[in-house]
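# Reading the structure
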Amino acid sequence: MKTEDNPTQPLSNKGFAPAVSPAASTTIVTDSADIVSGETSVPTQGENMPAFHARPRDASGPLPVILVVQEIFGVHEHIRDICRRLATEGYLAVAPELYFRQGDPAEYDDIPTLFKELVSKVPDTQVLADLDHVANWASRHGGDMRNMGITGFCWGGRITWLYAAHNPQLKAGVAWYGKLTGDKTLQQQKHPVDVAIDLNAPVLGLYGAQDDGIPLESVETMRQALRAANSHSEIVVYPDAGHAFNADYRPSYHEESAKDGWQRMLAWFRQNGVK
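In this report, we go over the structure that sits alongside the text. (Residues numbered from 1 in each chain as written. Predicted model: local features only at pLDDT ≥ 70, side-chain atom pairs only at ≥ 80, totals over all residues. Heavy atoms only, no water.)

## A short note on the overall build of the protein
To keep things clear, this is the line we draw: For helices the rule is a DSSP run of H or I covering at least 4 residues; for strands it is a run of E covering at least 2, with both sets numbered from the N terminus onward. To get the radius of gyration, use the C-alpha atoms; to get the globule rule, take the number of residues to the power 0.38 and multiply by 2.2 Å. Note on contacts: a residue pair is in contact if any heavy atoms of the two residues lie within 4.5 Å. Accessible surface area values rest on a Shrake-Rupley calculation with a 1.4 Å probe, where residue burial reflects the displayed protein chains alone. When charges are counted, Lys and Arg contribute as positive and Asp and Glu as negative, whereas His and the chain ends are disregarded. The atom standing in for a charge is NZ when the residue is Lys, CZ when it is Arg, CG when it is Asp and CD when it is Glu.
Scanning the protein from terminus to terminus reveals six helices and eight strands. Reading the protein from its N terminus to its C terminus gives the helix and strand order β-β-β-α-β-α-α-β-α-β-β-α-β-α. A compact globule built from 275 residues should have a C-alpha radius of gyration of about 19 Å, and the protein, at 17 Å, falls within 12% of that. Each of the three principal axes of the protein carries a C-alpha extent, and together these read 50 × 40 × 40 Å. Once local pairs closer than 6 in sequence are excluded, the contacts in the protein between residues at least 24 apart make up 76%. Accessible surface, the protein as shown: approximately 11400 Å² in total, 48% of it carbon and sulfur. Between the averaged position of the 24 positive side-chain charges in the protein and that of its 34 negative side-chain charges there is a distance of 5 Å.

Shown next as structure tokens:
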């Protein structure tokens, strides 16, 4: 794949995020000769945003596109592997470093400090605009904008809901354990429950009943908001899963729920035309 002519900034994490190291023995690594992947940069709002992309090696014609939105840990090895897994399914997957302007998540050794000093300072408006530029980049590098979906994890799960209300070209989204309600700040002026009526594309929400950070009450509140909006979105709750149940590199990984969620995600994209 041809990259932009402008300089590519290096991605911050070559391995796993320091705040969650070391990686667990359940870590999945996708190694396939049938895909190509690597680093690039995406021109956005006057700057070059680092990103990771993966696609089938021998694809002919425009590919369906999946925007992959990071956890709070940035585009570390788990998110890169999510891209590779999607590439084996026939997608052009792109994961941008969505808070590269605010700092480097690799510089933080613990989650509370990472969130307070970096993640909380990233404006939603900036993120949504950057994702628009990622979509445009994909359209110039073998992607089909008419067949575009988005998926995100934790921090990225919340962004997935917001982006589905932002971009009318999007066909489907899958949000993994993304926060649904919360206090509003200058950086986060709306939450998914506030945009349920504005969704341009159906979203599949995947949540864990044992998630201490996303209570089931907030999941039910979102369900009610979706019903009131006559949305075609759906929410699945896994009774035995907690937060980050798809994060195979962490102790939170719940294999049965993660595998089921992955298959549901692929089916959701395909039934909504991202194929």
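Next comes the rest of the account.
## Brief notes about the pairing of strand β2 (residues 47–56)
Note the cut-off: The buried label goes to any residue with under 20% of its type's maximum accessible area, the exposed label to any with over 50%, and the partly exposed label to all in between, with areas taken from a 1.4 Å probe on protein chains only. Strands are treated as partners if at least two bridges between them are detected by DSSP.
In terms of burial, β2 is a largely internal element, nine of the ten residues being buried. The pairing of strand β1 (residues 35–44) with β2 spans ten bridges and is antiparallel. The residue bridging Gly38 from the neighbouring strand is His53, located in β2. If you look at the hairpin formed by β1 and β2, you'll find two residues sitting between the two strands, and Gln45 has a positive phi there, around 50°. Direction of pairing for β2 relative to strand β4 (residues 92–96): antiparallel, over a ladder of four bridges. Of the residues in β4, the one forming a bridge with Ala54 is Ala93.

## Focus: the packing of helix α1 (residues 77–88) against helix α6 (residues 255–271)
The criterion, for reference: An axis is simply a line fitted to the C-alpha atoms; with a helix, the fit covers only the stretch in contact. Between two such axes, the angle follows the N-to-C directions and lies from 0 to 180 degrees. Roughly parallel means an angle under 35 degrees; roughly antiparallel, over 145; roughly perpendicular, 65 to 115; everything else is oblique. Crossings are classed by handedness, with left-handed meaning an anticlockwise turn of the near helix from the far one by less than a right angle and right-handed meaning a clockwise turn. Only Asp, Glu, Lys and Arg are considered charged in this grouping, and only Ala, Val, Leu, Ile, Met, Phe, Trp, Tyr, Cys and Pro are considered nonpolar; every other residue, Gly among them, is considered polar.
Here α1 crosses α6 at 55°, and the two axes come no closer than 12 Å. Between α1 and α6, the angle falls in the class oblique. The chirality of how α1 crosses α6 is right-handed. Two secondary-structure elements touch here, α1 through Ile82, Arg85 and Leu86 and α6 through Trp262, Met265 and Leu266. Of the residues contributing to the contact of α1 with α6, the split by class is five nonpolar, no polar and one charged.

## Section: helix α3 (residues 124–140)
Note the threshold: How far a helix is expected to stretch is found by multiplying one less than its residue total by 1.5 Å.
Taking 1.5 Å as the rise per residue, α3 with 17 residues should run 24 Å; its terminal C-alpha atoms sit 25 Å apart, in good agreement. For α3, the complete set of buried residues consists of Asp124, Gln126, Val127, Leu128, Asp130, Leu131, Val134, Ala135, Trp137 and Ala138. As for α3, its buried residues are in contact with β1, β2, β3 (63–69), β4, β5 (143–153) and α4 (155–166). Looking one or two residues past α3, Gly142 carries a phi angle of roughly 95°, positive in sign.

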